[in-house]
Amino acid sequence: MPTFEYAPAPESRAVVDIASSYGLFIGGEFVEATGGTPFKTVNPATEEVLAEVSEASADDVDAAVRAARTAYTRVWSRMSGADRGKYLYRIARIIQERARELAVLETLDNGKPIKESRDVDVPLAAAHFFYHAGWADKLGYASLGADPRPLGVVGQVIPWNFPLLMLAWKVAPALACGNTVVLKPAETTPLTALLFAEICRQAELPPGVVNIVTGAGATGQAIVDHPGIDKLAFTGSTNVGKMIARSIAGTRKKATLELGGKGANIVFDDAPLDQAVEGIVTGIFFNQGHVCCAGSRLLVQENVADEVVRRLKRRLGTLRVGDPMDKNTDVGAINSKAQLDRIAALTEAGEAEGAQRWDSGCELPTAGYWFRPTVFTDVAQSHRIAQEEIFGPVVSVLTFRTPGEAVAKANNTPYGLSAGVWTEKGSRILWMADQLRAGVVWANTFNKFDPTSPFGGYKESGYGREGGRHGLEAYVKTGSEQ
Ligand code: TAP
């Protein structure tokens, strides 16, 4: 197996200050955790330890919820929407000003290519705050019902694939609507959330409006179980989402769940094939395939399937896999050893079940966690690689003859988050969008995000929407609920 060694760019540490250890951000201060066991966060491209991070105990979560409640009742829920908006604008501008630091830190902690954190994650995070700043004083005009009011204290638990962007998706609408938050980043990617805490201080956000508690699943569970939480917003796996739904059943807590996916990227024979191949690459190799809405199933019309796969393989041979800090890198490191093992296990199952495996054969660095861009052909719908979320740079190719068959195969999954359609025919796009049970359907593009556009799932991909006017609904109560 070809491998090589690379030295991570030494200047990356000069762009951003990383402390050797971090406390929790509660009530506007970084405080020491009580009792938890600190854990290390690692650069997955080098296995170098970046920092030691505190584990928040249930007592720490309680302190964070109390701080959030005090800020809610005394300050934030009483403030005018226009004034809340000013804070959100300020945060958005500071994210822009500190974009380089945030991008470098995100890439070091997550393993994603710097060109993605620089051009996608960080600008979209700023855009999310700008967008919701605009709503803060216009909630009465958002068709949310008469006199929309905040819910109170919101608990937010996010995954590791888009650490800062998922934080922005959660924090910006919650604050715009007048709620305060207690947020837990993922164990493997806490650093940009901790830098965001510093940004909240820089923006002079009133203490306690945003609280960041680091830790693993137990800390998330402590947030879920805390009686002082009015609403939970969770993004992560369907399994944990189901556990959360069970934990809060019968309580007054509201919830929105953004869970897993097994998106179908559907290519018809009249599509411009080179453009479609670029869309397939963006669909599944963007962010190493660590994308809930990834186009992880490629459905190609049978008469162009061989040609599409041939062009796809040729294109994958040109992808640069390696140092995420290199601006030319297309595919970075897998976020953790555990995730690498999951990808390896599922791809082995794909081979064992009879699918044909191909990978780009590129060299991989010796240290860190890496996986070559991989294509499976001869995939049957019953194969695990066609059913289960791989969450890695692996695409499963299936074929179809008619639009009806494409719809049936695309919908043959417990998930319902995303789909893409590649065709010249506008009428077919509209028909397919109507038939596909997916929260997002892209036409002749894939993995495009915009804060004005609601995002969320059907079926086991969860419930509730984030972004757009619809995303505000999850953070207010109206009429009889008040
Ligand atoms: P999970 O294991 O579900 O973790 C998500 C978050 O929940 C993490 O912060 C995790 O903490 C925490 N957590 C774990 N167990 C918990 C519990 N019992 N109670 C409360 N919180 C708990 O998912 P992941 O592996 O990080 O992320 C990948 C998954 O997220 C994929 O399935 C992907 O599809 C999904 N995802 C969905 C979307 C949308 S928008 N639908 C977006 C991105 C990702 P630790 O990480 O510290 O264990």
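Only a predicted model underlies this, so the values are computations on that prediction, with no experimental measurement involved.

### A few points about helix α11 (residues 302-316)
Residues separated by three or four positions in an α-helix point in the same direction, a consequence of the helix having 3.6 residues per turn.
(1) Moving on: The end-to-end C-alpha distance of α11 is 21 Å, a good match for the 21 Å that 15 residues give at a rise of 1.5 Å each.
(2) Moving on: When α11 is considered as a whole, its buried residues turn out to be V304, A305, V308, V309, L312 and L316.
(3) Moving on: Looking at the buried positions of α11, the neighbouring elements they touch are α10 (273-285), β14 (297-301), β15 (356-359), β17 (374-377) and β18 (394-400).

### Describing the domain arrangement of the chain
How big an interface is tends to be reported as the loss of accessible area on association of its parts.
(1) Moving on: Considered domain by domain, the chain is made up of domain 1 (21-259 + 461-477) and domain 2 (264-451).
(2) Moving on: Here the C-alpha centroids of domain 1 and domain 2 sit 30 Å apart.
(3) Moving on: At the junction of the two partners, domain 1 supplies 33 residues and domain 2 supplies 31 residues.
(4) Moving on: Each partner contributes to the roughly 2600 Å² buried at the junction of domain 1 and domain 2, and carbon and sulfur atoms together form 61% of this total.
(5) Moving on: Together, P44, W160 and S461 form the three largest contributors to the area buried by domain 1 at its contact with domain 2, with a combined 21%.
(6) Moving on: Summed over the shared surface of domain 1 and domain 2, the result is one salt bridge.
(7) Moving on: Close ionic contact of D330 with K115 constitutes a salt bridge, the shortest N to O distance being 2.6 Å.
(8) Moving on: Between the two partners, domain 1 and domain 2, sit 14 residue pairs in polar contact (both at pLDDT 80 or more).

### Describing the nonpolar core
(1) Moving on: In terms of nonpolar packing, the biggest core is built from 110 residues, with F129 and V210 touching the most fellow members.
(2) Moving on: The element best represented in this core is helix α6 (residues 163-176), accounting for eleven residues.
(3) Moving on: Two domains each donate at least three residues to this core, and these are domain 1 (21-259 + 461-477) and domain 2 (264-451).
(4) Moving on: Among all residues touching F129, those that are not within four sequence positions of it are L88, I91, A92, I95, A168, V171, A172 and F196.

### Looking at the site of the ligand
(1) Moving on: Taken together, 29 residues lie around the ligand, and I158, E187, S237, L259 and E389 are the ones closest in.
(2) Moving on: Taking G215, its main chain carries an N or O atom lying 3.3 Å from an oxygen atom of the ligand.
(3) Moving on: Between the ligand and Q221, the relevant distance is 2.9 Å, taken from a nitrogen atom to a side-chain nitrogen or oxygen of the residue.
(4) Moving on: Compared with its free state, where it exposes 900 Å², the ligand has 89% of that area covered by protein.
(5) Moving on: A molecule is said to occupy a pocket when more than half its atoms come within 2 Å of that pocket's grid points, and by this definition the ligand occupies the largest pocket.
(6) Moving on: Mapped onto the shell around the ligand, the elements with two or more residues apiece are α8 (217-225), β11 (231-235) and α9 (238-248).
(7) Moving on: A per-element tally of the shell around the ligand places α8 first, with four residues.
(8) Moving on: Residue composition of the shell around the ligand, by class: 16 nonpolar, nine polar and four charged.

### So, the sheet that holds strand β5 (residues 39-43)
(1) Moving on: The three strands are arranged β2-β6-β5 in an open sheet whose pairing can be described as mixed. Strands at the two margins of the open sheet, each flanked by one partner only, are β2 (21-22) and β5.
(2) Moving on: Taken together, the five bridges between β5 and strand β6 (residues 48-53) define a ladder with antiparallel strand orientation. Counterpart to V42 in the pairing with β6 is V49.
(3) Moving on: Lying over the sheet, helix α4 (residues 99-110) contacts β5 and β6, oriented at roughly 105° with respect to β5.
(4) Moving on: Lying over the sheet, helix α7 (residues 191-202) contacts β2, β5 and β6, oriented at roughly 50° with respect to β6.

### Details of the state of the cysteines
Each disulfide consists of a covalent bond between the sulfur atoms of two cysteine residues.
(1) Moving on: A complete count under the given rule lists zero disulfides for this structure.
(2) Moving on: As a non-bridged cysteine, C177 has C200 as the owner of its nearest cysteine sulfur, 17 Å distant.
(3) Moving on: On the accessibility criterion, C177 (2% relative accessible area) is buried.

### A word on the packing of α4 against α7
(1) Moving on: In the contact formed by α4 and α7, the axes pass within 9 Å of each other and the chain directions differ by 155°. With respect to each other, α4 and α7 are oriented roughly antiparallel. Here E101, L102, L105, E106 and D109 of α4 lie close against α7, whose contacting residues are L191, T192, L195 and I199.
(2) Moving on: For the contact of α4 with α7, the per-class residue count stands at five nonpolar, one polar and three charged.

Thresholds, definitions, all that
- Sequence order sets the numbering: in each chain, residues are counted from 1 along the sequence as written.
- For a predicted model such as this one, the threshold for reporting local features is a pLDDT of at least 70, and the threshold for listing and counting side-chain atom pairs is 80 or more; totals across whole chains, interfaces and linings nevertheless cover every residue.
- With hydrogens and water set aside, each side-chain value is computed from the structure's full complement of heavy atoms.
- Think of it this way: any DSSP run of H or I at least four residues long counts as a helix, any run of E at least two long counts as a strand, and we number them from the N terminus.
- To estimate how far a helix should reach, multiply one less than its number of residues by 1.5 Å.
- Note on exposure labels: buried denotes an accessible area under 20% of the residue type's maximum, exposed denotes more than 50%, and partly exposed covers the range between, all computed with a 1.4 Å probe on protein chains only.
- We call two residues contacting when some pair of their heavy atoms lies within 4.5 Å.
- Just so you know, the domain bounds were taken from an automatic or database domain assignment.
- Accessible area that two parts lose when put together, with a 1.4 Å probe and added across both, is what the buried area reports.
- Between Lys or Arg on one side and Asp or Glu on the other, a salt bridge is scored when a side-chain nitrogen of the former is within 4 Å of a carboxyl oxygen of the latter.
- Here a polar contact is taken to be a pair of N or O atoms separated by no more than 3.5 Å, where protein atoms must pair a possible hydrogen donor with a possible acceptor and residues adjacent in sequence count only if both atoms sit in side chains.
- Only buried Ala, Val, Leu, Ile, Met, Phe, Trp, Tyr and Cys residues count toward a nonpolar core, and they belong to the same one when joined by side-chain atoms within 4.5 Å.
- If a single non-hydrogen atom of a residue is within 4 Å of a molecule or strand, that residue counts as near it.
- Here the accessible surface of atoms and residues is derived via Shrake-Rupley with a 1.4 Å probe, and residues count as covered only by protein chains that are part of the display.
- Cavities and pockets are defined on a 1 Å grid built over the protein atoms alone: a cavity is a set of grid points where a 1.4 Å probe fits but cannot escape, while a pocket is an open set with protein on both sides within 12 Å along at least five of seven lines, and lining residues are those with an atom within 4 Å of any such point.
- A cavity or pocket is said to hold a molecule if more than half of that molecule's atoms lie within 2 Å of its grid points.
- Just so you know the grouping, Ala, Val, Leu, Ile, Met, Phe, Trp, Tyr, Cys and Pro go in nonpolar, Asp, Glu, Lys and Arg go in charged, and all remaining residues, Gly too, go in polar.
- Whether two strands pair depends on DSSP finding at least two bridges between them.
- A fitted line through C-alpha atoms represents every axis, and for helices the fit uses only the stretch in contact; the resulting angles, taken between N-to-C directions, go from 0 to 180 degrees.
- Our working definition of a disulfide is a cysteine sulfur pair at a distance within 2.5 Å.
- Orientation labels follow simple angle bins: below 35 degrees gives roughly parallel, above 145 gives roughly antiparallel, 65 to 115 gives roughly perpendicular, and whatever is left gives oblique.

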